[in-house]
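Fold and contact review
If you want the building blocks of each chain, they are given just below.
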Amino acid sequence: MTLIDGKTVSQALKDRIAAEVKENGYTPGLAVIIVGDDPASRVYVNNKKKACTYCGFYSEEYALPASATQEQLIDLIHTLNTDERIDGILCQLPLPRHIDETAVIAAIAPAKDVDAFSEADVGKVMIGNYTFSPCTPAGVMELLRYYHIDVSGKNAVVIGRSNIVGKPMAMLLLHADATVTLCHSKTANLKEICRNADILVSAVGKIGAVTADMVKEGAVVIDVGINRNADGKLQGDVDFEAVKEKASFITPVPGGVGPMTIAILMQNTLTAYKNNKNIH
Ligand code: NDP
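Keep in mind the model is a prediction, meaning the values are calculated, not measured.

**Regarding the site of the ligand**
Every one of the 21 residues lining the ligand counts as a neighbour, but Arg-161, Ser-162, Ser-185, Ile-226 and Thr-261 are closest to it. Side-chain polar atom of Arg-161 to an oxygen atom of the ligand: 2.7 Å apart, as the coordinates give it. In this structure, Val-224 approaches the ligand through a main-chain N or O atom, which is 3.4 Å from a nitrogen atom. Burial of the ligand by the protein chains amounts to 69% of its free accessible area of 930 Å². When residues in the shell around the ligand are grouped by element, the largest group, 3 residues, is from helix H10 (residues 257–276). Within the shell around the ligand, the residues separate by chemical class into 9 nonpolar, 10 polar and 2 charged.

In structure tokens, the structure reads:
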């Protein structure tokens, strides 16, 4: 069994980005907006700011109170849309319930939508011709590439059908010529379907969602889930100790997919900068 080391792979990607930025004197700018005080969102935002600093990017943070209105948030996005220092705009989700996430994401200028959450970007991912990669699924694909894991012709099973992870993950695997099955909470015979997977990606968000009896001997197991266990520690969806005995490759949580998501965000911001400045 090979442990897939997301820290090393994400570091290599960030190093490549930092070197390109330094050599060319680029100044990509990312604005990160956080609304309210969700502790997990705070950790993600801090990590994104740290990655910006590491890559030599300019970054700004806008922390709005949970009571902020949708109008205030959209006004801020409109201001950032025309700010020349800002190439990418990211609004950390989830937003407080009184704010319509779809309307907020739609307000971000397409050239600055580095999270690729807008309807247009999601559609482009489906077609396979996109500027900004969906961060978490593209991070998974980068891990597979780094470890020379062949995807073409393989049976890939994705558990979870969210717009930001499951669906785009299925699309990227499909573009890489896997035969993809997309599962969800209403899937019948989940265990049997998973047992047929050469590549199994779990994006459920529940501890123990993937147990050893769902995994084929020699399968590649990618755990996107980020959960807190009873001790408050981070834990994935996969029963890691048992599944690692059967898998050929497996990602740990933390240190697997998580760091990749941020590295791809940096890559998207660099792409946005180059496009906005007409650098090719
Ligand atoms: P969502 O809650 O939006 O989606 C979860 C999906 O899992 C749904 O499609 C749901 O099905 C499905 N599901 C729930 N229970 C079961 C079950 N028992 N069997 C099969 N399918 C089930 O979550 P996200 O996609 O946003 O995130 C998934 C996980 O990934 C979370 O733990 C999140 O924290 C993590 N995450 C990690 C990232 C990273 O960087 N590593 C980035 C983003 C997310 P249905 O549609 O039928 O309800």
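**Observations regarding the pattern of salt bridges**
For the coordinates displayed, the defined rule picks out 12 salt bridges. As a salt-bridge pair, Lys-191 and Asp-213 come within 2.8 Å of each other at their nearest N and O atoms. One end of the pair, Lys-191, is in helix H8 (residues 190–195); the other, Asp-213, is in the loop between strand S7 (199–202) and strand S8 (220–223), with 22 residues separating them in the sequence. For Asp-198, the salt bridge goes to Lys-216, with nearest N and O atoms at 2.7 Å. Of this pair, Asp-198 sits in the loop between H8 and S7 while Lys-216 sits in the loop between S7 and S8; the two residues are 18 residues apart in sequence, bridging distant segments of the chain. Counted as one network, the salt bridges with shared partners bring together Arg-16, Glu-142 and Arg-145.

**Things to note about helix H7 (residues 166–175)**
In terms of burial, H7 is a largely internal element, 7 of the 10 residues being buried. Looking at H7, one finds that the buried residues are Gly-166, Pro-168, Met-169, Ala-170, Met-171, Leu-172 and Leu-173.

**Quick look at the sheet that holds strand S4 (residues 88–91)**
If you trace the 3 strands from one edge of the open sheet to the other, you get S3-S2-S4, paired in parallel fashion. Of all the strands in the sheet, just strand S3 (58–64) and S4 have a single pairing partner and so form its edges. With direction set aside, neighbouring strand axes in the sheet form an average angle of 15 degrees. Both strand S2 (residues 29–35) and S3 contribute to a ladder of 7 bridges, which runs parallel. Considered in S3, the bridge of Ile-33 is made with Tyr-62. Contacting S2, S3 and S4, helix H3 (residues 70–81) crosses the sheet at an angle of about 175 degrees to S2.

**Things to note about the packing of aromatic side chains**
Taken as a whole and assessed by the stated rule, the structure comprises 3 aromatic pairs. With centroids separated by 6.1 Å and ring planes inclined at 65 degrees, the aromatic side chains of Tyr-147 and Phe-249 adopt a geometry described as edge-to-face. Highlighted residues: Tyr-147 in the loop between helix H6 (135–146) and strand S5 (155–159) and Phe-249 in strand S11 (residues 249–250), separated in sequence by 102 residues. This pair shows no difference in class: Tyr-147 is buried, exactly as Phe-249 is. An aromatic cluster of at least three residues, connected via ring pairs, comprises Tyr-146, Tyr-147 and Phe-249.

**With respect to empty space enclosed by the protein**
A complete count under the given rule lists 1 cavity of 30 Å³ or more for this structure. By volume, the largest cavity amounts to about 60 Å³. Of all the elements, S4 adds the most residues to the lining of the largest cavity, at 3 residues. Residue classes in the lining of the largest cavity are distributed as 7 nonpolar, no polar and 2 charged.

**Quick look at the layout of surface pockets**
Estimated volume of the second largest pocket: approximately 240 Å³. Broken down by element, the lining of the second largest pocket gets its largest block of residues, 5 residues, from H7. Taken together, the residues that form the lining of the second largest pocket break down as 14 nonpolar, 2 polar and 2 charged.

Calculation notes
- Within every chain, residues take consecutive numbers counted from 1 along the sequence as written.
- Totals for whole chains, interfaces and linings use every residue, but because this is a predicted model, local features are given only for residues with pLDDT of at least 70 and side-chain atom pairs only at 80 or more, for both listing and counting.
- In computing side-chain properties, one takes all heavy atoms of the structure into account and sets aside hydrogens as well as water.
- Working definition: residue near molecule or strand if any one of its non-hydrogen atoms lies within 4 Å of it.
- Here a polar contact is recorded for every N or O atom pair within 3.5 Å, except that within protein the pair must consist of a potential hydrogen donor and a potential acceptor, and residues adjacent in sequence are included only if both atoms are side-chain atoms.
- Note on areas: these come from Shrake-Rupley sampling with a 1.4 Å probe, and a residue is covered only by the protein chains present in the view.
- The helix count covers DSSP runs of H or I at least four residues long, the strand count covers runs of E at least two residues long, and both are numbered beginning at the N terminus.
- The nonpolar class holds Ala, Val, Leu, Ile, Met, Phe, Trp, Tyr, Cys and Pro. Asp, Glu, Lys and Arg form the charged class, and all remaining residues, Gly among them, are polar.
- Salt bridges are counted wherever a side-chain nitrogen of Lys or Arg sits within 4 Å of a carboxyl oxygen of Asp or Glu.
- Accessible area is worked out with a 1.4 Å probe on protein chains only. A residue is then buried under 20% of its type maximum, exposed over 50%, and partly exposed in between.
- By definition, two strands form a pair when at least two bridges between them are found by DSSP.
- The axes are straight lines fitted to the C-alpha atoms, using for helices just the contacting stretch, and the angles between their N-to-C directions are given from 0 to 180°.
- The contact definition used throughout considers only heavy atoms, calling two residues in contact when any of these lie within 4.5 Å.
- Between 30 and 60 degrees the pair is tilted, below 30 it is stacked and above 60 it is edge-to-face, where a pair is any two Phe, Tyr or Trp rings, Trp via its six-membered ring, whose centres lie within 6.5 Å.
- The definitions used throughout rest on a 1 Å grid laid over the protein atoms alone, on which a cavity is an enclosed set of points accommodating a 1.4 Å probe that cannot get out and a pocket is an open set flanked by protein within 12 Å on both sides along at least five of seven lines; lining residues are those having an atom within 4 Å of a point.
- Grid points are joined across faces, edges and corners, and a volume is the space filled by probe spheres set on the points.

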